[in-house]
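Analysis of the macromolecular model
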Amino acid sequence: DRTDSGTLIPLLKSMEQPYGSVTADAGYESLENYVYLQQHGMESYIKPTNYKSKKSNWIGRKADMQYDGQRDCFLCRNGKELRFCGKHTEKSGTGFEKEVSRYICTECDGCSLRRRCSKAEQQTTKTLEVCWDFEHLREQSRANITGDKGCLYRVNRSIQVEGTFGILKEDWGFRRFLTRGRSHILTQIGLLAFAFNILKLCAKLQTGRGKTPLLLPKPA
């Protein structure tokens, strides 16, 4: 699977026993993954893709609008309403289904902010689609990663995962597999993993960190 999000559930299923929590980067965020973790009693520490939204001149996203829960509508920057107009079901490549709500504004004709809200050359309506199940689970994960435990987990994820790739590629010069076939590739990466883990264990023992599974973040 070329996408990160599609590899999380198969990885968890391959483990002998599930873990109490899962820490992953934004590429692994999806409703299917959130639901799987919830159903199996695992806490999600997945960074939302919009965790650090870049500043832009664009104002057409859901995050750029105000939501009125009582009236179930969004309010755009120009004060126009995007009203609820129905739901539909979408199915992923794995067969997972999600319910999507659609909101439409019919007052876009002549709007002075239309070019910042839509890329269409001619558009008289603005449509916004929202999966509320995804939004609720995303907010739970956001709350998890911003807590003390979440900060600790994210620091260690970046150190243990990203650092390993850097060492294998830059320090050890491993840029490409030298074999063909899945079994041979698994053997080669397995040998690299053995070597890396042995060196890491030796370094931890030499520095007295043999019983320290997580590295504490530096004080601000």
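Our subject is the structure listed above.
First, a word on what this report is: a plain description of the structure on this page. Treat the numbers as computed from the prediction; the structure is a model and nothing was measured.

The rules behind the values
- Residues numbered from 1 in each chain as written.
- Predicted model: local features only at pLDDT ≥ 70, side-chain atom pairs only at ≥ 80, totals over all residues.
- Heavy atoms only, no water.
- Helix = DSSP H or I, 4+ residues; strand = E, 2+ residues; numbered from the N terminus.
- Rg over C-alpha atoms; globule rule 2.2 N^0.38 Å.
- Buried < 20%, exposed > 50% of the residue type's maximum accessible area, 1.4 Å probe, protein only.
- Contact = heavy atoms within 4.5 Å.
- Areas by Shrake-Rupley, 256 points an atom, 1.4 Å probe, with all protein chains shown as cover.
- Lys, Arg positive; Asp, Glu negative; His and termini not counted.
- Charge placed at Lys NZ, Arg CZ, Asp CG, Glu CD.
- Salt bridge = Lys/Arg side-chain N within 4 Å of Asp/Glu carboxyl O.
- Core = buried A, V, L, I, M, F, W, Y, C linked by side-chain atoms within 4.5 Å.
- Expected span 1.5 Å × (residues − 1).

So, about the overall build of the chain. Secondary structure assignment for the chain yields 6 helices and 7 strands. Computed over the C-alpha atoms, the radius of gyration of the chain is 23 Å, more than 25% above the 17 Å expected from 2.2 N^0.38 for a compact globule of 220 residues. Along the longest, intermediate and shortest principal axes, the C-alpha atoms of the chain span 70 × 45 × 35 Å. In the chain, which comprises 220 residues, the proportion classed as buried is 27%. Excluding contacts between residues fewer than 6 apart, the proportion of contacts in the chain whose partners are at least 24 apart in sequence is 51%. Surface accessibility of the chain: about 15600 Å² in total, with carbon and sulfur atoms responsible for 52%. Counting 36 positive and 25 negative side-chain charges, the chain places the centres of these two groups 7 Å from one another.

Moving on, we get to the side chain of Lys-126. Mapping Lys-126 onto the fold places it in strand β7 (residues 126-130). It is Asp-64 that comes nearest to the buried, bridge-free Lys-126 among opposite-charge side chains, at 8.0 Å. Sequence-distant contacts of Lys-126, defined by excluding residues within four places in its chain, comprise Gly-60, Met-65, Leu-82, Tyr-103, Ile-104, Cys-105, Cys-108 and Cys-117.

Now for the nonpolar core. Formed by 16 residues in total, the largest nonpolar core has its most connected members in Leu-12, Val-22, Leu-31, Tyr-36, Leu-37, Met-42 and Ile-46. Contributing elements (two or more residues each) for this core: α1 (8-14), β1 (21-24), α2 (31-39) and α4 (132-145). For this core, the leading source of residues is α2, giving 5 residues. Contacts of Val-22, omitting those with residues within four sequence positions, involve Leu-8, Leu-12, Leu-37, Met-42, Glu-43, Ser-44, Tyr-45 and Ile-46. Counting residues in hydrophobic clusters, the runner-up holds 11 residues, among them Met-65, Leu-82, Tyr-103 and Leu-128.

Given 3.6 residues per helical turn, the α-helix brings residues three or four places apart onto the same face. Between its first and last C-alpha, helix α6 (residues 182-206) extends 36 Å over 25 residues, near the 36 Å set by a 1.5 Å rise per residue. Inspection of α6 places Gln-188, Leu-192, Phe-196 and Lys-204 among the buried residues, and these make up the whole buried set. Residues of α6 that are buried make contact with α5 (148-171).

Bringing the pattern of salt bridges into the picture now. One pass over the structure, following the stated rule, counts 13 salt bridges. The partner of Lys-62 in a salt bridge is Glu-135, with the nearest N and O atoms 3.4 Å apart. Taken together, the positions of Lys-62 in the loop between β2 (43-46) and β3 (66-68) and Glu-135 in helix α4 put the pair 73 residues apart, joining distant regions of the chain. Looking at Lys-62, the relative accessible area reads 26%, which means it is partly exposed. Overall, Glu-135 belongs to the buried group, its relative accessible area being 12%. Ionic pairing is found between Glu-81 and Arg-83, a salt bridge with its closest N-O pair at 3.2 Å. Looking at Arg-83, the relative accessible area reads 42%, which means it is partly exposed. Put simply, Arg-71, Glu-81 and Arg-83 are held in one network by salt bridges that share partners.

Structurally, the position occupied by Arg-157 is in helix α5. With sequence-adjacent residues up to four places away left out, Arg-157 is seen in contact with Thr-23, Ala-24, Asp-25 and Glu-162.

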